[in-house]
Amino acid sequence: RGVGNALLERAKLHARNWGGHEIFTHCAADNRAMAELAKRHGMRGVVDRGEADAYAEVPAPDASSLTIEMMAERAAALDHALKEQLVAARRLAFAWMPVREIG
């Protein structure tokens, strides 16, 4: 579904724009999905005693990365607001529905 990829992309962007120099992941050594994800993002890994760590350097921020993060934040805020309005509308509609007797 791409959730892990989206989360890692977002974490890299956030680290980049907020002064991070590298990003780090930690998981069980047999977690193939995380290992593939880390590999796709150019992370270098170390496996020790059943655990795996992966690291990647994060480039310095620029106007593009700052704009992308700002737009992602605004899109997330809009999505959240729309979902809150939908829930409120459903509650209001349910409150106005007549109660029907059974039987």
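All chains use their own residue numbering, which begins from 1 and follows the written sequence. Residue-level local features of this predicted model are given only where pLDDT is at least 70; pairs of side-chain atoms are given and counted only at 80 or more, and the full residue set underlies all totals for whole chains, interfaces and linings. Each side-chain value is worked out from all heavy atoms of the structure, with water and hydrogens disregarded.

S.K.: So what's going on with the packing of aromatic side chains? Which residues, and what values?
M.R.: Pairing of aromatic side chains here covers Phe, Tyr and the six-membered ring of Trp, requires ring centres within 6.5 Å, and sorts the geometry by plane angle: under 30 degrees stacked, over 60 edge-to-face, intermediate tilted. Scanning all chains against the criterion turns up 1 aromatic pair. On the numbers, 5.0 Å between centres and 45° between planes, the contact of Phe24 with Tyr55 is tilted. Of this pair, Phe24 sits in strand S1 (residues 22–28) while Tyr55 sits in strand S3 (residues 51–57), placing them 31 residues apart in sequence. Given a relative accessible area of 30%, Tyr55 falls into the partly exposed group. Strands here mean DSSP runs of E at least two residues long; helices mean DSSP runs of H or I at least four residues long; both are numbered from the N terminus. Accessible area is worked out with a 1.4 Å probe on protein chains only. A residue is then buried under 20% of its type maximum, exposed over 50%, and partly exposed in between.

S.K.: Can you explain the nonpolar core? Please cite residues and give values.
M.R.: In plain words, nonpolar cores are sets of buried Ala, Val, Leu, Ile, Met, Phe, Trp, Tyr and Cys residues tied together by side-chain atoms within 4.5 Å. Counting residues in each nonpolar core, the largest one holds 9 residues, listed as Leu8, Ala15, Ile23, Leu37, Ala38, Met43, Ala54, Ala56 and Val58. Among the elements of the structure, helix H1 (3–17), helix H2 (32–40) and S3 are those that each provide at least two residues to this core. For Ala56, the residues in contact, after removing those within four places along its chain, are His21, Glu22, Ile23, His41, Gly42 and Met43. In this description, contact between two residues means that some pair of their heavy atoms is separated by no more than 4.5 Å.

S.K.: Can you explain the packing of H1 against helix H3 (residues 63–96)? Please cite residues and give values.
M.R.: Angular values range over 0 to 180 degrees, each being the angle between N-to-C directions of two axes fitted as lines to C-alpha atoms, with helices fitted over their stretch in contact. Running from amino to carboxyl end, H1 crosses H3 at an angle of 125°, the nearest separation of the two axes being 10 Å. On the basis of the axis angle, H1 is oblique to H3. Considering only the axes of H1 and H3, their crossing is left-handed. Of the residues in H3, those in contact with Arg10, Leu13, His14, Arg16 and Asn17 of H1 are Ser65, Leu66, Ile68, Glu69 and Glu73. We call Asp, Glu, Lys and Arg charged. Ala, Val, Leu, Ile, Met, Phe, Trp, Tyr, Cys and Pro are nonpolar, and the rest, Gly among them, are polar. Classifying every residue of the contact of H1 with H3 by side-chain character gives 3 nonpolar, 3 polar and 4 charged. Angles are sorted into four bins: roughly parallel if under 35 degrees, roughly antiparallel if over 145, roughly perpendicular if 65 to 115, and oblique for all others. By definition, any crossing whose near helix is turned counterclockwise from its far helix by less than a right angle is left-handed, and any crossing with a clockwise turn is right-handed.

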